[in-house]
Amino acid sequence: MTAKTSAPARRQRIPAALLIPALLGLAFLTLPLAGLLIRAPWSTMPQRLAEPEVLDALRLSLVTATASTGLCLLFGIPIAWLLARVEFRGRSLVRALVTVPLVLPPVVGGVALLLVFGRGGLVGAWLDEAFGITLPFSTAGVVLAMTFVAMPFLVVSVEGALRGADIRYEEAAATLGAGRWTVFTRVTLPLVAPGIAAGAVLCWARALGEFGATITFAGNFPGRTQTMPLAVYLALETDLEAAIVLSLILLAASVTVLACLRERWTATP
Amino acid sequence: MRAAALACAAVLGLTACGSAGDDDASGHLTVFAAASLTEAFTQIGEDFEDANPGVEVVFSFAGSASLASQIAQGAPADVFASAAPANMDSVVRSGYAADPETFARNRLVIAVPEGDPDGITGLADLADPGLKVALCAEEVPCGAAARTALDAAGVRLTPVTYETDVKAALSKLGLGEVDAALVYRTDTEAAGGAVHGVEFPESDSAINDYPIAALDDAPNPAVAEAFVDYIRTDEALEVLTAHGFQAP
């Protein structure tokens, strides 16, 4: 994208009508972070980091958010491709359905997941009977809850990228005899890789911050389903400073991971 | 009421309206109350409005700790009713209220589905590893009480989840995901027919006192005092006991 921007356009004056709201918006987005930093009890930070529960929660958060991003990629990219490349009846309805988890309050999403995957649920009862698998109150349940709320972010980003991509490359490959699968893996995927990366980052970030669906579907058990946002919420009940420290640890970990990925994935000149 | 407030706002400006309500026993009363008081206080609020025409009671029900921190951050509340003395103490220590009074008590029961399919009669039955049990996290009052009661009974059990509040623990039972949950007696009353509360003797060691106080920065101090006094009348106590609370 940046390569296409012409140099003169960059040197022109920035219109105040864009600059002022941008700065106000930035202040609004970053001030709460400043609030956390100001109130943080820095002296107890290393002590908190050494607490095994905190490390357990952080590790669990990172592992489950990454696993759910994997699931989102596995299922979300094909959904996005279907929506962007295949004409079928009811496509706009399907597109609307995909975004349901975005508008659904996460707690309601968690209840809905329980009704389907709970031990009395449609799928859950069958899973329990046939395989002895119970998802609620398990780490797999955390991943499931995160995937439910995060997948729309991936689908929306990737579909946007697919629609923006020049379809003539795919047509050219097809006229040269490539099948749809070959076109998808050799042409389409590399073409929309930045869109997929952006979607995966959004997806991961959303999964990492997930609270409502997780606490409702997977409950709260240290080391098994207690992710960082749950630990923060509980710390808030007794100790505001502990909650702030935990939030900052989560924030620092996620910013570090995202910054490293950005270096690797989107290292365009 | 609303029309009057609007007219007042138009003539005097909003700040003047706020103080106009302070002089007489009328206007809005904002009560911050623990989530477990939802049903009882809603009814008591209606009775209080009937007894004091012109007063409109607005409730904010949430976890006691959240409410205490909202008060510390300057939330415009008149009265605070907490499910645990600890949260009231923190409000008093920060100088937002003085002289809280205990107006009700609550005790734990074992909530089980109606009909008690697993035949649970006491805390010891919950230690069965085949049973899924929900407890409250120890950071919240119902979890601290559960820990005390379990210790008193000498029962060691591993729940499947430590819920963030008592209503969440009960909803896991309602959805059929757990077989039993340690909750307050008032919560099983509020849940109606679907849930049955099994009483157990060790709950004597973990009884929750509910303190109430008018807040020093109350926007409507006269009505706040009147409400706190009303909570301690026999009439209000009758409503509280009907919802499963005990007299202090």
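For the structure itself, look to the data block above.
Rules and cut-offs
- Residues numbered from 1 in each chain as written.
- Chains lettered and ligands numbered in written order.
- Predicted model: local features only at pLDDT ≥ 70, side-chain atom pairs only at ≥ 80, totals over all residues.
- Helix = DSSP H or I, 4+ residues; strand = E, 2+ residues; numbered from the N terminus.
- Buried ≥ 20, exposed ≤ 12 C-beta atoms within 10 Å, placed from the backbone.
- Contact = placed C-beta atoms within 7 Å.
- Pairing = 2+ DSSP bridges.
- Axes fitted to C-alpha atoms, helices over the stretch in contact; angles between N-to-C directions.

(A) Examining the overall build of chain B more closely. Secondary structure summary: chain B contains 10 helices and 10 strands in total. In chain B, which comprises 248 residues, the proportion classed as buried is 46%. Residue pairs in contact within chain B that sit at least 24 positions apart in sequence constitute 75% of those at least 6 positions apart.

(B) Here's a closer look at the sheet that holds strand β1 (residues 27-34) of chain B. Residue and element names in this part refer to chain B. Here we have five strands laid out as an open sheet, ordered β2-β1-β3-β10-β4, and mixed in their pairing. Among the strands making up the open sheet, the edge pair consists of β2 (55-62) and β4 (101-106). On average, adjacent strands in this sheet sit at an angle of 20 degrees to one another, irrespective of strand direction. Where β1 meets β2, eight bridges bridge the pair, whose relative direction is parallel. Across the sheet, the residue bridging to A33 is F61, located in β2. Its contacts with the sheet place helix α3 (residues 38-51) against β1 and β2, and it is angled at close to 170 degrees to β2. With respect to the sheet, helix α9 (residues 221-231) is in contact with β1, β2, β3 (79-81), β4 and β10 (208-214), its orientation differing from that of β10 by roughly 150 degrees.

(C) View of the environment of B:T158. Within the secondary structure layout, B:T158 lies in the loop between α6 (141-153) and β7 (161-163). Measuring from C-alpha to C-alpha, the distance between B:T158 and B:L237 comes to 37 Å, with 79 residues separating the pair along the chain.

(D) How the structure looks around the sheet that holds strand β8 (residues 180-184) of chain B. All names here are of chain B. Spatially, β7-β6-β8-β5-β9 is the arrangement adopted by the five strands of the open sheet, whose pairing is mixed. The two strands at the open ends of the sheet, each matched to only one other strand, are β7 and β9 (195-198). Recorded for the sheet is a direction-independent mean angle of 35 degrees between the axes of neighbouring strands. Judged from the three bridges that link them, strand β6 (residues 133-136) and β7 form a sheet pairing that is parallel. From the neighbouring strand, C136 faces β7, where its bridge partner is E163. The strands touched by α6 within the sheet are β5 (108-113), β6, β7 and β8, with β6 carrying the most contacts at an inclination of about 115 degrees.

(E) Fine view of the pairing of β10(B). All names here are of chain B. Counting buried residues in β10 gives six out of seven residues, a clear majority hidden from the surface. Pairing of β3 with β10 involves three bridges; the strand directions are antiparallel. By the bridge assignment for β10, A81 is matched with I212. Sheet analysis places β4 next to β10, joined by five bridges and oriented antiparallel. Across the sheet, N106 pairs through a bridge with N208, a residue of β10.

Any link to function would need more than the numbers given here.
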